[in-house]
Amino acid sequence: MTSEVDVSSRLAVRRLGSSLAVWATLSLLSVVLFVRAMSGAINVDEEQYVAAAALNLVHRLYSDFVYLQPPIYPHILAFLFGFFDPSQYFLAARLLTWVLSVGSLLLIYGITCLLTKDRFAGLAIALLFATSAIGKVPFSTARNDIMPCFFALAGLYFFFLAAAPAGIRADIRAGEREHPAPPIPRPLGLRLLYFLCGLSLALAVGSKALYAFVPAVLFFYVLFSTAGRGWSAHYRQVVLPLTLGGLLGGLPLIFHAVSDWDRFFYGLVTYHRIVPLDWYARNGYAHLLTFDGQVRFFLKHLGAGTALGALIFCAVCLGVTLQRGRLADLLARLHGHRALAIPLLFLISVPFCAIPLPGHTPYLLPILILLLLTVAAFYATLPEPLRPFRRAALAAVTAISILPFGLILAAQMPKLGKPQSWAVQRVQGVGTETKAALAEAGLEGKIATLSPLWVLGSGHPIYRELATGPFFFENEGLLSGTRVRELNGATPSTLATLLDSDPPDAIFVGFNGRDATFGSHVWKESRDAPFIAYAEAKGYSIAAGDFAGATLYLRLKTQP
């Protein structure tokens with residue numbers, strides 16, 4: 001007979017092997033995410049985020065310069081910039097993207113494990129998350145996409161960690177070794193978890209307004225779901241800490257709204273209702289703004305790859321459950337796990353993420369994470385007749401879904417082995433060239449450009465009126481010159497006046513000219529034209545050097 005010691009030893013070895021396999025896979029995914037963050041193609045949207053963070057070191061968002069998003073991302077990035085040289089600002093921004101991507105990966109793994117008590121399911125969901133095509137831009141650019149994803153997942157993790165005693169110990173498949181149940185939090189620990197949940201969800205909204213539905217839905221779910229507590233204890237231990245955490249996390253939004261409501265409201269609301277829609281209509285992309293265009297966009301990106309696999313898994317689970325007449329049982333199990341909030345959040349995320357026009361794949365990231373967590377919720381709560389097949393079904397979905405990513409990664413391997421060609425290196429090289437060119441000409445002043453990302457590495461100041469790169473600049477004809485100056489911005493018609501009042505030592509152009517690409521779109525007209533015209537009219541000379549295809553104009557020291 002096998003002794004109990006031998007059985008225990010084998011179980012310990014099995015657990016160790018399982019843990020090593022999980023963390024080896026997560027570590028490999030972290031390396032892949034690092035390479036994606038460093039080598040990802042430069043996105044024109046990154047201009048305003050990196051520039052805003054750099055300007056935020058000495059100026060105030062909204063009040064001193066135009067910013068078109070909520071404030072948390074540039075505040076955190078500006079803090080990070082304090083530890084880096086200006087030549088490494090873009091590197092710092094992409095490193096932050098990588099850290100937040102890895103954090104999101106670990107959080108979605110952790111939430112799945114909390115829901116399912118199954119590390120295999122956690123690893124499968126993490127793989128689906130890291131390899132999704134929807135994550136291409138969020139994982140590989142310094143946009144504000146991955147930060148709200150991280151905070152939203154952190155909020156959900158704290159929520160399920162607090163709710164764990166109500167459901168995570170139960171519903172373990174018959175015959176499967178049950179993991180030790182987490183200890184029931186004391187009231188103080190419970191309050192802390194819900195406080196951190198509210199704080200994290202508020203920071204998600206403060207990073208990107210698109211995530212506002214997450215705390216709204218979760219708050220109402222918590223408000224009316226006492227989980228067996230008395231109403232008084234529920235409000236003291238859950239609702240009040242959740243609310244206080246949300247208020248603390250919302251303080252940056254409240255501060256900027258109170259201190260300069262006009263510019264704050266313009267950047268977060270007014271601009272987005274007018275300028276992008278006008279640009280798409282003028283440049284021949286009006287079809288993307290229609291309901292049909294939005295539907296086609298959703299079908300294209302949610303009907304393929306990881307998202308399609310997750311949808312099929314959920315549809316099959318729901319369909320079989322309905323066919324067996326066990327819907328009430330499924331809902332009861334979801335509620336018992338406090339996981340009913342997840343499919344509710346997913347259903348609401350679809351119309352909410354359709355609000356921004358036109359649609360772009362990063363806007364689908366909230367849908368993706370909630371869809372994957374819905375897979376985890378269904379996996380955890382399937383009725384007994386279906387449970388023996390869930391691992392095989394999830395394994396098949398995962399294998400098929402990640403195959404396209406594996407093929408793309410294999411095709412890109414030669415590029416991944418050449419760090420000198422990565423985006424961060426190219427931007428840093430242009431910054432170094434710009435700094436050397438100005439130093440050789442004996443110039444120390446500002447650089448005027450709609451591409452601030454590329455010249456911040458020179459250490460020279462940029463114009464705060466041009467902080468958004470090409471975006472606010474598109475207001476030509478939409479705002480009066482007086483209104484443009486009130487908002488501390490610039491348009492083609494106000495540019496000459498701005499530069500005459502504070503002449504630049506250099507003008508950097510080339511990435512916003514005619515036929516320059518913006519994702520799958522092409523500029524129909526040159527945004528750099530007013531800068532080139534000003535440089536030529538004032539007698540600026542063209543600097544020698546390698547500026548990645550751009551042109552640097554230098555002011556002669558004899559010029560006024």
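Our structure's up above, just so we're on the same page.
Residues numbered from 1 in each chain as written. Predicted model: local features only at pLDDT ≥ 70, side-chain atom pairs only at ≥ 80, totals over all residues. Heavy atoms only, no water.

**Description of the overall build of the protein**
Item 1. Scanning the protein for helices and strands turns up 23 helices and 6 strands.
Item 2. For the protein, buried positions account for 52% of its 560 residues.
Item 3. Restricting to contacts in the protein with at least 6 residues of sequence separation, those with at least 24 account for 73%.
Item 4. Surface exposure of the protein reaches about 23,800 Å², of which carbon and sulfur atoms provide 66%. (Helix = DSSP H or I, 4+ residues; strand = E, 2+ residues; numbered from the N terminus. Buried < 20%, exposed > 50% of the residue type's maximum accessible area, 1.4 Å probe, protein only. Contact = heavy atoms within 4.5 Å. Areas by Shrake-Rupley, 256 points an atom, 1.4 Å probe, with all protein chains shown as cover.)

**Remarks on the environment of Ser 18**
Item 1. Tracing the backbone through its elements, the reader meets Ser 18 in helix H1 (residues 4-39).
Item 2. Between the alpha carbons of Ser 18 and Arg 119 there is a distance of 8.5 Å; along the sequence they are 101 residues apart.

**A short note on a nonpolar patch on the surface**
Item 1. Together, Phe 220, Phe 224, Trp 231 and Tyr 235 make up an exposed nonpolar region whose accessible area comes to about 490 Å².
Item 2. For Trp 231, the position within the fold is in helix H10 (residues 231-249). (Patch = residues over 30% accessible without salt bridge, like charges linked within 9 Å, V, L, I, M, F, W, Y side chains within 5 Å. Salt bridge = Lys/Arg side-chain N within 4 Å of Asp/Glu carboxyl O.)

**Digging into unusual backbone geometry**
Item 1. Of the consecutive residues Leu 357 and Pro 358, the connecting peptide bond is found in the cis state with omega at -10°.
Item 2. Assignment of secondary structure puts Pro 358 in the loop between helix H16 (341-353) and helix H17 (365-381).
Item 3. Even without a glycine there, the phi angle at Tyr 62 is positive, about 70°.
Item 4. As for its position among the elements, Tyr 62 is in the loop between helix H2 (46-55) and helix H3 (72-81).
Item 5. One non-glycine residue, Ala 548, adopts positive backbone phi at about 55°.

**Points about the packing of H2 against helix H4 (residues 89-116)**
In a pair of packed helices, the angle between the axes and the distance between the axes together describe the arrangement.
Item 1. Remark: H2 packs on H4, axes separated minimally by 11 Å, with the N-to-C direction vectors making an angle of 110°. Judged on the interaxial angle alone, H4 and H2 are roughly perpendicular. Across from Glu 46, Val 50 and Ala 54 in H2, the residues of H4 making contact are Tyr 89, Phe 90, Ala 93 and Arg 94.
Item 2. A class-by-class count of the residues in the contact of H2 with H4 yields 5 nonpolar, no polar and 2 charged. (Axes fitted to C-alpha atoms, helices over the stretch in contact; angles between N-to-C directions. Parallel < 35°, antiparallel > 145°, perpendicular 65-115°, else oblique. Nonpolar A, V, L, I, M, F, W, Y, C, P; charged D, E, K, R; others polar.)

**Focus: the pairing of strand E6 (residues 551-554)**
Item 1. With 4 bridges connecting them, strand E2 (residues 506-509) and E6 associate as antiparallel partners. When the sheet's bridge partners are listed, Phe 508 is paired in E6 with Leu 552.
Item 2. Relative to E6, strand E5 (residues 541-542) runs antiparallel, the two being bridged by 2 bridges. Bridge pairing links Ser 541 to Leu 554 in E6. (Pairing = 2+ DSSP bridges.)

**Focus on the nonpolar core**
Item 1. Membership of the largest hydrophobic core comes to 140 residues, with the highest contact counts inside it found for Ile 108, Phe 129, Tyr 211, Phe 508 and Leu 552.
Item 2. Here this core takes 15 residues from H4, the largest share from any one element.
Item 3. Residues within four places of Tyr 211 in sequence aside, it is in contact with Asp 145, Pro 148, Cys 149, Ala 152, Ala 204, Val 205, Leu 365, Pro 366 and Ile 369.
Item 4. By size, the runner-up hydrophobic cluster in this structure holds 16 residues, among which are Leu 450, Leu 466, Ile 507 and Phe 531. (Core = buried A, V, L, I, M, F, W, Y, C linked by side-chain atoms within 4.5 Å.)

**Regarding the side chain of Asp 145**
Item 1. Counting through the fold element by element, Asp 145 comes out in the loop between helix H6 (136-140) and helix H7 (146-167).
Item 2. A distance of 2.5 Å separates polar atoms of two side chains, one belonging to Asp 145 and the other to Arg 143.
Item 3. Of the polar contacts made by the side chain of Asp 145, one reaches the side chain of Lys 208; its length is 3.3 Å.
Item 4. Setting aside residues up to four positions removed in sequence, Asp 145 forms contacts with Val 137, Pro 138, Lys 208, Tyr 211, Pro 362 and Leu 365. (Polar contact = N/O pair within 3.5 Å; in protein donor to acceptor, adjacent residues only side chain to side chain.)

**Thoughts on the pattern of salt bridges**
Side chains carrying opposite charge are able to pair once their charged atoms draw close together.
Item 1. By the definition in use, this model includes 14 salt bridges.
Item 2. As a salt-bridge pair, Asp 260 and Arg 263 come within 2.7 Å of each other at their nearest N and O atoms.
Item 3. According to the relative accessible area criterion, Arg 263 is partly exposed, its value standing at 23%.
Item 4. A salt bridge links Asp 500 to Lys 538; the nearest nitrogen and oxygen atoms lie 3.5 Å apart. With Asp 500 in helix H22 (residues 492-501) and Lys 538 in the loop between helix H23 (529-537) and E5, the pair connects residues that are 38 residues apart, well separated along the chain.
Item 5. Judged by relative accessible area, which is 42%, Asp 500 ranks as partly exposed.
Item 6. On the basis of relative accessible area, Lys 538 is assigned to the partly exposed category, the value being 39%.
Item 7. Taken together, the shared-partner salt bridges connect Asp 45, Arg 143, Asp 145 and Lys 208 into one network.

**Comments concerning the sheet that holds E2**
Item 1. Spatially, 4 strands are ordered E1-E2-E6-E5 in an open sheet, and the strand pairing comes out mixed. Edge positions in the open sheet fall to strand E1 (447-449) and E5, since each of these has one partner strand only.
Item 2. Against the sheet, helix H19 (residues 423-440) touches E1, E2 and E6, its axis set at about 20° to E6.

Interpretation note: all reported values are geometric properties and have no functional meaning in isolation.
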